[in-house]
Amino acid sequence: MSDFVLPILVLIIIISGLIKKINIYDVFIKGAKESFSMIINLFPGLLAMIFGINIFINCGVLDLFARFFSFIHLPPQLFSLFLVRPISGGASLAITSNILSTFGPDSYIGRLASVMQGSSDTTLYVITLYFGTVGITKIRYALASGLIADAIGIIVSILVVKLMF
């Protein structure tokens, strides 16, 4: 069923454009031109985010976090989920799926990964994309608030899973 949703949606748009006597191709080209300018506006923010992540990965902070995870007796597989979740929803979902297929959904690590996935957001991605789209440049407090909320969500998810299961 899901294979047919997108083609049916495109067909509905084309048919409705024909019924309303709209030049579909011209409207499509106009929309493509508008999206190109939006991509150009988003590129510096995305580049800065990728650059910052690479600096973070290469400076040795990851080893410090890995030691902290082992110190508080958390499975090391959750470290990658903890790290990737604020950056990318798709990547964190893939990590969670891998954890669930490896350890099972009813395992401690499976439950913890599921609750962590649902208790945090893709803060860096959201700030980069949405703030960049509307031209907001002063993101300091929004970034700090989002990352603190993610950290609290992850800490609370760890506590809840330890208490409930």
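Quick notes on the rules
Residues numbered from 1 in each chain as written. Predicted model: local features only at pLDDT ≥ 70, side-chain atom pairs only at ≥ 80, totals over all residues. Heavy atoms only, no water. Helix = DSSP H or I, 4+ residues; strand = E, 2+ residues; numbered from the N terminus. Buried < 20%, exposed > 50% of the residue type's maximum accessible area, 1.4 Å probe, protein only. Core = buried A, V, L, I, M, F, W, Y, C linked by side-chain atoms within 4.5 Å. Patch = residues over 30% accessible without salt bridge, like charges linked within 9 Å, V, L, I, M, F, W, Y side chains within 5 Å. Areas by Shrake-Rupley, 256 points an atom, 1.4 Å probe, with all protein chains shown as cover. Salt bridge = Lys/Arg side-chain N within 4 Å of Asp/Glu carboxyl O. Polar contact = N/O pair within 3.5 Å; in protein donor to acceptor, adjacent residues only side chain to side chain. Contact = heavy atoms within 4.5 Å. Axes fitted to C-alpha atoms, helices over the stretch in contact; angles between N-to-C directions. Parallel < 35°, antiparallel > 145°, perpendicular 65-115°, else oblique. Left-handed = near helix turned anticlockwise from the far one by under 90°. Nonpolar A, V, L, I, M, F, W, Y, C, P; charged D, E, K, R; others polar. Expected span 1.5 Å × (residues − 1). Arc of directions from axis to C-beta.

For Leu 112, the position within the fold is in helix α6 (residues 108-118). Note on Leu 112: relative accessible area 0%, which makes it buried. It is 38 Å that separates the C-alpha atoms of Leu 112 and Pro 7, two residues lying 105 residues apart in sequence.

We now examine the nonpolar core. Counting residues in each nonpolar core, the largest one holds 15 residues, and the members touching the most others are Leu 78, Leu 81, Ile 99, Leu 112 and Met 116. Only α3 (61-71), α4 (77-84), α5 (89-103), α6 and α8 (140-164) provide two or more residues apiece to this core. For this core, the element with the most residues is α6, which contributes four residues.

Quick look at a nonpolar patch on the surface now. Residues Ile 148, Ile 152, Val 156, Val 160, Leu 163, Met 164 and Phe 165 make up a contiguous nonpolar surface patch of roughly 750 Å² in combined accessible area. Along the chain, Met 164 turns up in helix α8. By relative accessible area, Met 164 is classed as exposed at 61%.

Let's shift gears to the side chain of Ser 120. Its location among the elements puts Ser 120 in the loop between α6 and α7 (123-134). In terms of polar contacts, Ser 120 uses its side chain to reach the backbone carbonyl oxygen of Met 116, at 3.1 Å. If we skip the residues at most four places from it in the chain, Ser 120 touches Arg 85, Asp 150 and Ile 154.

Attention now goes to the packing of α3 against α4. Interaxial distance between α3 and α4 falls to 10 Å at its minimum, and their mutual angle equals 130°. The angle between α3 and α4 falls in the class oblique. Every pair of crossing elements has a handedness; the one defined by α3 and α4 is right-handed. Facing α3, whose interface residues are Leu 62, Phe 65, Ala 66 and Phe 69, α4 presents Leu 78, Phe 79, Phe 82 and Leu 83. Its residues assigned to classes, the contact of α3 with α4 shows eight nonpolar, no polar and no charged.

In this section: α5. The terminal C-alpha atoms of α5 lie 21 Å apart, and with 15 residues this matches the ideal 21 Å at 1.5 Å per residue to within 8%. Burial in α5 covers these residues: Ser 92, Ile 95, Thr 96 and Ile 99. Viewed along the axis of α5, the buried residues span an arc of 95°, placing them on a single side of the element. Residues Gly 90, Leu 93 and Ser 101 are exposed on α5 and point more than 90 degrees away from its buried face. Here the buried face of α5 lies against α4 and α6. Two or three places before Ala 91, at the opening of α5, Ser 88 has a side-chain oxygen 3.1 Å from that residue's backbone nitrogen. Just beyond α5, the residue with positive phi is Gly 104, at close to 95°.

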